[in-house]
Amino acid sequence: MLKSRLDRLLAPWVFVLTGILFNILSAVITHYFIGLNNDQISLLDREIGKKQVLIDSLWQSKTEVERKKEFFVLLLSSKPDNPSLAETFYHDYLRQVLGNYGLQDFETRMQQHDPTDLELLLDLSSAAQESIIASINNTYFESLELRDAKMPLEADNSRLFSIAIFLQVTGLILVLARDLRRR
């Protein structure tokens with residue numbers, strides 16, 4: 001009686017059915033759970049890429065502010081042929097920097113000082129560059145947070161992949177073991 005129960009439990013169809021179930025579980029893990037994680041990883045990678053593009057753009061803005069500051073220092077320190085045109089460009093640039101970088105506290109200084117005041121230009125440029133650097137730092141830290149959020153998903157994928165491989169190999173061994181049981 002014990003032998004007949006054991007024979008039924010170790011029947012070839014039990015090995016085949018168990019092996020097939022293991023292979024199905026392996027496929028579900030691989031294609032569903034790992035797929036979901038890969039979708040989230042892809043979203044995080046896109047966000048990280050956007051942050052990097054923003055950092056590059058901000059860095060370019062910082063460089064542009066520096067170059068324009070140097071340009072206006074040279075322009076205003078020399079005697080331009082058309083001083084009113086130079087002052088107009090200079091004033092427009094200062095207004096642009098005020099608007100783009102939220103430096104409204106310089107608004108009163110701009111109205112009180114000589115429109116070609118180099119000290120105002122230097123202070124405003126420094127404040128704009130500091131604002132840009134702060135934005136770069138914030139964006140970089142956001143990027144680091146996204147990278148940190150990606151790491152557990154990659155670890156989960158690695159663990160799930162190992163489990164899926166184990167189930168698949170075990171399932172194949174069980175399917176092949178049915179032939180050994182017949183002998």
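Predicted, not measured: the structure shown is a model, and the values here were computed from it. (Residues numbered from 1 in each chain as written. Predicted model: local features only at pLDDT ≥ 70, side-chain atom pairs only at ≥ 80, totals over all residues. Heavy atoms only, no water.)

J.: So what about the overall build of the protein? Which residues, and what values?
T.: When its secondary structure is counted, the protein shows five helices and zero strands. Taken from the N to the C terminus, the helices and strands of the protein come in the order α-α-α-α-α. Relative to its full complement of 183 residues, the protein shows a buried share of 28%. Excluding contacts between residues fewer than 6 apart, the proportion of contacts in the protein whose partners are at least 24 apart in sequence is 83%. As presented, the protein carries roughly 12400 Å² of accessible surface, and 61% of it is formed by carbon and sulfur atoms. (Helix = DSSP H or I, 4+ residues; strand = E, 2+ residues; numbered from the N terminus. Buried < 20%, exposed > 50% of the residue type's maximum accessible area, 1.4 Å probe, protein only. Contact = heavy atoms within 4.5 Å. Areas by Shrake-Rupley, 256 points an atom, 1.4 Å probe, with all protein chains shown as cover.)

J.: Explain helix α3 (residues 83–101) to me, and be specific about the residues and the numbers.
T.: Over its 19 residues, α3 extends 27 Å from the first C-alpha to the last, a length consistent with the 27 Å expected when each residue adds 1.5 Å. Among the residues of α3, those classed as buried are Ala 86, Tyr 90, Tyr 93, Leu 94, Val 97 and Leu 98. Down the axis of α3, the smallest arc covering the buried residues is 135 degrees, so these residues share one side. Exposed positions of α3 whose direction lies more than 90 degrees from the buried face are Phe 89, Gly 99 and Asn 100. Phi for Gly 102, located one or two positions after α3, is positive at around 60 degrees. (Expected span 1.5 Å × (residues − 1). Arc of directions from axis to C-beta.)

J.: I'd like a description of a nonpolar patch on the surface, backed by residues and values.
T.: Judged by side-chain polarity, Trp 13, Leu 17, Ile 20, Leu 21, Ile 24, Val 28, Tyr 32, Phe 33 and Leu 36 come together as a nonpolar surface patch covering roughly 890 Å² of accessible area. Of note, Tyr 32 is situated in helix α2 (residues 12–77). (Patch = residues over 30% accessible without salt bridge, like charges linked within 9 Å, V, L, I, M, F, W, Y side chains within 5 Å. Salt bridge = Lys/Arg side-chain N within 4 Å of Asp/Glu carboxyl O.)

J.: Break down the packing of aromatic side chains for me, citing the residues and quoting the values.
T.: Applying the stated criterion to the full structure yields four aromatic pairs. Between Phe 71 and Phe 72, the ring centres sit 5.1 Å apart and the planes meet at 75 degrees, which makes this aromatic pair edge-to-face. Its relative accessible area of 47% is what places Phe 71 among the partly exposed residues. On the numbers, 5.1 Å between centres and 25 degrees between planes, the contact of Phe 72 with Tyr 93 is stacked. Placement of the pair is Phe 72 in helix α2 and Tyr 93 in helix α3, with a sequence separation of 21 residues. Owing to a relative accessible area of 6%, Tyr 93 belongs among the buried residues under this scheme. An aromatic cluster of three or more residues is present, and its members are Phe 71, Phe 72 and Tyr 93. It is Lys 62 that lies over the ring of Trp 59; its NZ or CZ is 5.2 Å from the centre. (Phe/Tyr/Trp six-rings, centres within 6.5 Å; stacked < 30°, edge-to-face > 60°. Lys NZ or Arg CZ within 6 Å of the ring centre and 35° of its normal.)

J.: Account for the packing of α2 against α3, with residues named and values stated.
T.: Running from N to C, α2 and α3 cross one another at 155 degrees; their axes reach a closest spacing of 11 Å. With respect to α3, the element α2 is oriented roughly antiparallel. Seen along the crossing, α2 lies across α3 with a hand that is left-handed. Contact with α2, carried on its side by Ser 61, Val 65, Lys 68, Lys 69, Phe 72, Leu 75 and Leu 76, involves Ala 86, Phe 89, Tyr 90, Tyr 93, Gln 96 and Tyr 101 of α3 and no other residues of that element. (Axes fitted to C-alpha atoms, helices over the stretch in contact; angles between N-to-C directions. Parallel < 35°, antiparallel > 145°, perpendicular 65-115°, else oblique. Left-handed = near helix turned anticlockwise from the far one by under 90°.)

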